[in-house]
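Close look at the chain arrangement
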Amino acid sequence: MKDPIKFGQFLFLQRDFKISSDNVKFFEFVKLPKRGVAVELGAGFGLGTVMLAHRYPQTTIYAVEYQKSLYELLLKNLELNKVSNVKPVFCDLREIKKCLPSQIADVVYCNPPFWRKEFLNPSTKKGKEYIYANFEVDTTYRDFVEAALWLLKSYKRFFLMMDTPRFLEIVDFLRSKKLYPKRVKFVFPAKGKKSNVFFVESFLGKPTKELEVLPPD
Ligand SMILES: C[S@@+](CC[C@H](N)C(=O)[O-])C[C@H]1O[C@@H](n2cnc3c(N)ncnc32)[C@H](O)[C@@H]1O
């Protein structure tokens, strides 16, 4: 295995995966309680888990991942960064009821594999680990939302990162599940370009009076 790369004060083993600035911005957008319980659904190699565990040392984070190879990388990255407030959970989130109790979380956050199937180049040399992490070929954001509904306490917060062209579909789906968007940030790849991804913070069971749209970077 290659040596870990240095990212700020952290070290990561990441294999095929790059540290995307969008993901980093998403983890900056996510807020956890100073003390309490959070769940990251689809923790991958642990970028957000490590960043947030470090920012909130008194909060317990359950980091859920179902790809064995990524889960093992996550364990190594937790060790490399001496993180002690994370409980890794090897679990398919579609079976979350078998892995974690209901209503344990003050916050659930995730960036699901959201690139649509039709954007997957059929002759790609990328392996299954990468494809299942990035493309909507196995699990969809709806599965992530259903798992979050199981985990969240009432009136608590759900953070989601998705692709902007599906913003309306996603807001409709969240609202149909009583997850009410409160804060949104659109991310633009460059000045003058259309937004490609967005982040949304929603509250379970607490309808929003005013939506807050954050300024672009
Ligand atoms: C876009 S990646 C995000 C990884 C990580 N949150 C990050 O930003 O570095 C999505 C992650 O969700 C995981 N995932 C997808 N479907 C899952 C499922 N059914 N159960 C658990 N994890 C899943 C993938 O393996 C992948 O690690």
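Look above for the structure.
Residues numbered from 1 in each chain as written. Predicted model: local features only at pLDDT ≥ 70, side-chain atom pairs only at ≥ 80, totals over all residues. Heavy atoms only, no water.

As a further point, take the overall build of the protein. Helices and strands together make up the secondary structure of the protein, namely seven helices and ten strands. Over its C-alpha trace the protein gives a radius of gyration of 17 Å, about what one expects of a compact globule, namely 17 Å for 217 residues. Each of the three principal axes of the protein carries a C-alpha extent, and together these read 50 × 40 × 35 Å. Across the 217 residues that make up the protein, the buried fraction comes to 48%. Averaged over its 37 positive side-chain charges, the protein has a centre that lies 4 Å from the centre of its 24 negative ones. (Helix = DSSP H or I, 4+ residues; strand = E, 2+ residues; numbered from the N terminus. Rg over C-alpha atoms; globule rule 2.2 N^0.38 Å. Buried < 20%, exposed > 50% of the residue type's maximum accessible area, 1.4 Å probe, protein only. Lys, Arg positive; Asp, Glu negative; His and termini not counted. Charge placed at Lys NZ, Arg CZ, Asp CG, Glu CD.)

Of all nine residues making up helix 2 (residues 47-55), seven are buried, and the element is well covered by its neighbours. Buried residues of helix 2: Leu47, Gly48, Thr49, Val50, Met51, Leu52 and Ala53, and no others.

The ligand sits among 21 residues. The nearest are Gly42, Glu65, Asp92, Leu93 and Asn111. Between Gly42 and the ligand, the recorded distance is 2.9 Å, taken from a backbone N or O atom to a nitrogen atom. Within the side chain of Asp92, one N or O atom sits 2.9 Å away from a nitrogen atom of the ligand. In isolation the ligand has 600 Å² of accessible area, and contact with the protein removes 95% of it. Grouping the constituent residues of the shell around the ligand by class yields eleven nonpolar, six polar and four charged. (Near = heavy atom within 4 Å. Polar contact = N/O pair within 3.5 Å; in protein donor to acceptor, adjacent residues only side chain to side chain. Areas by Shrake-Rupley, 256 points an atom, 1.4 Å probe, with all protein chains shown as cover. Nonpolar A, V, L, I, M, F, W, Y, C, P; charged D, E, K, R; others polar.)

Before going further, it helps to spend a moment on the sheet that holds strand 10 (residues 212-213). Either a parallel or an antiparallel arrangement is found when strands of a sheet pair, and the pairing is made through backbone hydrogen bonds. In spatial order, the strands read 5-4-3-6-7-9-8-10; together these eight strands make up an open sheet with mixed pairing. Because the sheet does not close on itself, it has two edges, and the strands there are strand 5 (86-90) and strand 10. Where strand 8 (residues 179-187) lies against strand 9 (residues 197-204), eight bridges are found, and the strand directions are antiparallel. Each residue of the ladder has a partner; that of Arg183, found in strand 9, is Glu201. (Pairing = 2+ DSSP bridges.)

All right, on to the side chain of Gln14 then. Mapping Gln14 onto the fold places it in the loop between strand 2 (10-12) and helix 1 (21-29). Note on Gln14: relative accessible area 12%, which makes it buried.

With the rule as written, the count across this model stands at 14 salt bridges. Its salt-bridge partner being Lys177, residue Glu146 comes within 2.8 Å of it at the nearest N-O pair. Here Lys177 lies in the loop between helix 7 (167-176) and strand 8 and Glu146 lies in helix 6 (residues 141-151), a separation of 31 residues in the sequence. Exposure remark for Glu146: the relative accessible area of 37% places this residue in the partly exposed category. Note that Lys185 and Asp217 form a salt bridge whose closest N and O atoms lie 2.9 Å from each other. (Salt bridge = Lys/Arg side-chain N within 4 Å of Asp/Glu carboxyl O.)

As a packed pair, helix 6 and helix 7 sit with axes 11 Å apart at the nearest point and diverge in direction by 25°. Between helix 6 and helix 7, the interaxial angle falls into the category roughly parallel. Taken as a pair, helix 6 and helix 7 cross one another with a handedness that is right-handed. Listed contacts from helix 7 to Tyr141, Arg142, Val145 and Glu146 of helix 6 are Glu169, Ile170, Phe173 and Leu174. Here the residues of the contact of helix 6 with helix 7 are counted per class, giving five nonpolar, no polar and three charged. (Axes fitted to C-alpha atoms, helices over the stretch in contact; angles between N-to-C directions. Parallel < 35°, antiparallel > 145°, perpendicular 65-115°, else oblique. Left-handed = near helix turned anticlockwise from the far one by under 90°. Contact = heavy atoms within 4.5 Å.)

Right, let's get into helix 6. In an α-helix there are 3.6 residues to a turn, and that puts residues three or four apart on one side. Residues of helix 6 that are buried: Tyr141, Phe144, Val145, Ala147, Ala148 and Leu151. The buried side chains of helix 6 occupy one side of the element, clustering within an arc of 165° when seen end-on. Where helix 6 is buried, its residues meet strand 3 (36-41), helix 4 (96-99), strand 6 (105-110), strand 7 (152-163), helix 7 and strand 8. (Arc of directions from axis to C-beta.)

This next bit is on the state of the cysteines. If you walk through the whole model with that rule in mind, you get one disulfide. The disulfide that involves Cys91 links it to Cys99, with 2.1 Å between the sulfurs. What sets the handedness of the Cys91 and Cys99 disulfide is the S-S torsion sign, and at about 85° it is right-handed. By relative accessible area, which is 30% here, Cys99 ends up partly exposed. Cysteine Cys110 remains unbridged, with the sulfur of Cys91 as its closest cysteine sulfur at 14 Å. (Disulfide = S-S within 2.5 Å.)

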